[in-house]
Amino acid sequence: MSHYPINLNLTAKKTVVIGGGRVASRRIASLVQANADVTVVSPQVSQAVYPFIRNRQITWHQKVFEPEDIIDAFIVIAATNDRAVNRKIAESAGSHQLVNVASQPELGNFEFPAVLNRGRLTISVSTSGASPILARKIRDSLSKKYDETYDAYLEFLFTCRQRLKESSISLKHKNKILHELLDPKFHDPRMQEKVTAAFDSFINQYPEEPFA
Ligand SMILES: C[C@@]1(CC(=O)O)C2=NC(=C\c3[nH]c(c(CCC(=O)O)c3CC(=O)O)Cc3[nH]c(c(CC(=O)O)c3CCC(=O)O)/C=C3\N/C(=C\2)[C@@H](CCC(=O)O)[C@]3(C)CC(=O)O)/[C@H]1CCC(=O)O
Ligand SMILES: NC(=O)c1ccc[n+]([C@@H]2O[C@H](COP(=O)([O-])OP(=O)(O)OC[C@H]3O[C@@H](n4cnc5c(N)ncnc54)[C@H](O)[C@@H]3O)[C@@H](O)[C@H]2O)c1
């Protein structure tokens with residue numbers, strides 16, 4: 001089965017994670033980072049989850065799962081170690097809800113990829129259940145090529161593109177500059193600083209071709 005990838009904006013979206021173990025901790029950490037409104041339903045949670053509770057980044061309902069727990073959830077994640085409970089969670093969800101089932105992915109309607117975040121750059125890798133370890137391996141090898149310097153580089157490209165969008169130059173001229181910005185020399189932070197400090201004169205270095 002192949003999957004359809006999308007990038008969700010989860011800010012303030014209600015997300016219910018059922019279970020508080022190893023898989024749930026991984027989900028909670030990434031959902032908090034995505035600014036989701038996270039509730040965990042589980043009689044126990046692992047050590048890795050406590051800091052999120054203490055810092056009031058998530059809500060913990062210390063109890064076993066009941067169907068009412070997910071009524072108003074945008075995303076439901078069934079991550080208990082009891083396959084029957086995970087099945088019941090999937091069956092309790094409405095067809096409009098996004099549901100992930102850690103133990104039996106076919107009972108849900110979405111799966112988690114291996115993710116690399118570099119600021120505004122997100123690289124996600126999925127093998128559609130063939131080999132999660134291969135997905136992780138590919139992600140880790142890409143992390144060397146797309147290293148931490150991409151955080152600032154993406155921020156630079158974003159700022160330039162916003163400024164170009166606001167400028168009054170022609171679409172063709174904007175596209176030309178957007179392509180020029182991908183020259184490897186702009187990966188250098190000093191070049192990024194220079195361009196940002198004198199953006200108008202930078203644009204003027206690449207005049208629109210009159211007859212192109
Ligand atoms: C990529 C990653 C993302 C993440 O989870 O964040 C991820 N699994 C990771 C690791 C991992 N998972 C498992 C092992 C043990 C080795 C092994 O079994 O292979 C390891 C390795 C480890 O833990 O070291 C076991 C496992 N996984 C699934 C099942 C159930 C089944 O297949 O039926 C079982 C058996 C459970 C059991 O035995 O009961 C199912 C899924 N795992 C997925 C994603 C989705 C498919 C993604 C894809 O195919 O590309 C999918 C379908 C559903 C989902 O969860 O959405 C993350 C690595 C990234 C990172 O490290 O950041
Ligand atoms: N998708 C993946 O990447 C992946 C990887 C490894 C394992 N798994 C599968 O995911 C599931 C969870 O694995 P884990 O390692 O996090 O397990 P775990 O044993 O670390 O955690 C299970 C959690 O579920 C909670 N729980 C149990 N019954 C509950 C109930 N009725 N209601 C609410 N919470 C309940 C427990 O309190 C515990 O916090 C397992 O079924 C495992 O097979 C999936």
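Residues numbered from 1 in each chain as written. Chains lettered and ligands numbered in written order. Predicted model: local features only at pLDDT ≥ 70, side-chain atom pairs only at ≥ 80, totals over all residues. Heavy atoms only, no water.

As named in an unreviewed UniProt entry, the chain is precorrin-2 dehydrogenase, taken from Scopulibacillus daqui. Heading Catalytic activity (unreviewed entry) of the UniProt record for the chain holds this comment: "precorrin-2 + NAD(+) = sirohydrochlorin + NADH + 2 H(+)". Entered under Pathway (unreviewed entry) in the UniProt record, the comment concerning the chain runs "Porphyrin-containing compound metabolism; siroheme biosynthesis; sirohydrochlorin from precorrin-2: step 1/1." (UniProt positions renumbered as here; feature names shortened; annotations may be inferred.)

Peer 1: What is the right way to read the nonpolar core from this model?
Peer 2: As a rule of thumb, nonpolar side chains are buried together in soluble globular proteins. Among the nonpolar cores identified, the biggest contains 21 residues, and Phe-156, Ile-177, Leu-181, Val-195, Phe-199 and Phe-202 are the most heavily contacted of them. Those elements giving two or more residues to this core turn out to be β6 (114–118), β7 (121–125), α5 (149–166) and α8 (199–204). The dominant element in this core, judged by the number of residues it contributes, is α5, at 7 residues. If you count residues domain by domain, this core takes at least three from each of domain 2 (113–147) and domain 3 (149–204). Beyond its immediate chain neighbours, meaning those up to four positions away, Phe-199 contacts Cys-160, Arg-163 and Leu-164. If you look at the next biggest cluster of nonpolar residues, it comprises 17 residues, including Val-32, Val-38, Phe-52 and Ile-58. (Core = buried A, V, L, I, M, F, W, Y, C linked by side-chain atoms within 4.5 Å. Buried < 20%, exposed > 50% of the residue type's maximum accessible area, 1.4 Å probe, protein only. Helix = DSSP H or I, 4+ residues; strand = E, 2+ residues; numbered from the N terminus. Domains from an automatic or database assignment. Contact = heavy atoms within 4.5 Å.)

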